[in-house]
Amino acid sequence: MTHSKKDFKQLYFEYNALVYTVSLNYLQNIEDAEEITQDVFVQVYNSLGQFNHKSTYKTWIYRIAINKCLDFIKKKNSAKRMYIFGKKSESDFEIRNISNFEHPGILMEKKENAAILLAVINQLPSNQKTAFLLSKFDGLSNPEISEIMNLSVSSIESLVFRAKNILKEKLKEKFSEYRKK
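What comes next concerns the included structure. (Residues numbered from 1 in each chain as written. Predicted model: local features only at pLDDT ≥ 70, side-chain atom pairs only at ≥ 80, totals over all residues. Heavy atoms only, no water.)

## What to know about the overall build of the chain
Now for step 1: When its secondary structure is counted, the chain shows eight helices and zero strands.
Now for step 2: Overall, the chain shows an N-to-C arrangement of helices and strands of α-α-α-α-α-α-α-α.
Now for step 3: Counting every position in the chain, which comprises 181 residues, the buried fraction comes to 38%.
Now for step 4: Sequence-distant contacts in the chain: of pairs separated by 6 or more residues, those separated by 24 or more amount to 66%.
Now for step 5: Accessible area of the chain: about 11200 Å², with a carbon and sulfur share of 53%. (Helix = DSSP H or I, 4+ residues; strand = E, 2+ residues; numbered from the N terminus. Buried < 20%, exposed > 50% of the residue type's maximum accessible area, 1.4 Å probe, protein only. Contact = heavy atoms within 4.5 Å. Areas by Shrake-Rupley, 256 points an atom, 1.4 Å probe, with all protein chains shown as cover.)

## Observations concerning the nonpolar core
Now for step 1: Val 40, Val 44, Ile 61, Tyr 62 and Leu 134 are the most contacted members of the largest nonpolar core, which totals 40 residues.
Now for step 2: Elements with a minimum of two residues in this core: helix H1 (5-27), helix H2 (30-47), helix H3 (57-83), helix H5 (111-121), helix H6 (126-137), helix H7 (142-149) and helix H8 (153-180). (Core = buried A, V, L, I, M, F, W, Y, C linked by side-chain atoms within 4.5 Å.)

## Comments concerning the environment of Cys 69
Now for step 1: Positionally, Cys 69 belongs in helix H3.
Now for step 2: Given the relative accessible area of 0%, Cys 69 is considered buried.
Now for step 3: In this structure the C-alpha to C-alpha distance between Cys 69 and Ser 23, which are 46 residues apart in sequence, comes to 6.3 Å.
Now for step 4: In contact with Cys 69, other than residues within four places in its own chain, are Ser 23, Tyr 26, Leu 27 and Ile 36.

## Some points on unusual backbone geometry
Now for step 1: Despite not being glycine, His 53 shows a phi value in the positive range, around 60 degrees.
Now for step 2: The backbone phi angle of Asn 150 is positive, close to 60 degrees, even though this residue is not glycine.
Now for step 3: Inspection of the secondary structure assignment puts Asn 150 in the loop between H7 and H8.
Now for step 4: On the basis of relative accessible area, Asn 150 is assigned to the exposed category, the value being 63%.

## Remarks on the pattern of salt bridges
Pairing between side chains of opposite charge can happen when their charged atoms approach one another.
Now for step 1: In the structure shown here, the tally under the stated rule is three salt bridges.
Now for step 2: Note that Lys 172 and Glu 169 form a salt bridge whose closest N and O atoms lie 3.4 Å from each other. Residue Lys 172 and its partner Glu 169 are located together in helix H8, separated by three residues, close to a single helical turn.
Now for step 3: Lys 172 sits in the exposed class, given a relative accessible area of 55%.
Now for step 4: Residue classification places Glu 169 among the partly exposed residues on the basis of a relative accessible area of 44%. (Salt bridge = Lys/Arg side-chain N within 4 Å of Asp/Glu carboxyl O.)

## Quick notes on the packing of H6 against H7
Now for step 1: In contact at an axis separation of 10 Å, H6 and H7 are set at 140 degrees when each is read in the N-to-C sense. By the angle between their directions, the pair H6 and H7 is classed as oblique. As for how H6 packs across H7, the hand of that crossing is right-handed. Here Asn 127, Thr 130, Ala 131, Leu 134 and Ser 135 of H6 come into contact with H7, specifically with Ile 145, Ile 148 and Met 149.
Now for step 2: The residue inventory of the contact of H6 with H7, partitioned by class, reads five nonpolar, three polar and no charged. (Axes fitted to C-alpha atoms, helices over the stretch in contact; angles between N-to-C directions. Parallel < 35°, antiparallel > 145°, perpendicular 65-115°, else oblique. Left-handed = near helix turned anticlockwise from the far one by under 90°. Nonpolar A, V, L, I, M, F, W, Y, C, P; charged D, E, K, R; others polar.)

As structure tokens, then:
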């Protein structure tokens, strides 16, 4: 089956906002999210001919977006390790860095709490972070997440459950530290 520029335009208009939102939730940086969104659609355009219809376009595009975000984070973290020395803790840089991020969906008076939440989410293992973000930020069902991540529904349930427990514990610590200041 051949795909035309018209097919690509349709996909772009249908999924552009979704890819941008996923990227923004992952990276918490507007410029990075815009760059990833562009990269995703370059790959979609170049790979459209190989799309095998074993999944939906939405699932396929979600997978590409998540993989691009994970690769981006890996690259950024390896660059960070090379240039940043003397951090007080692993999360010190992320918390300082993220507190400048203005997530468009968060009310002004909630910004500081949101910065702490996002910093803690960023510390989750990547599978837990992915499942949690798709579930809680994107509002996808476990079967949808299962298809995107290529894992069983019970694995997704477990990942989201573990992510929530880790977040509860870490947020308790963060907010008790925060109150002491």
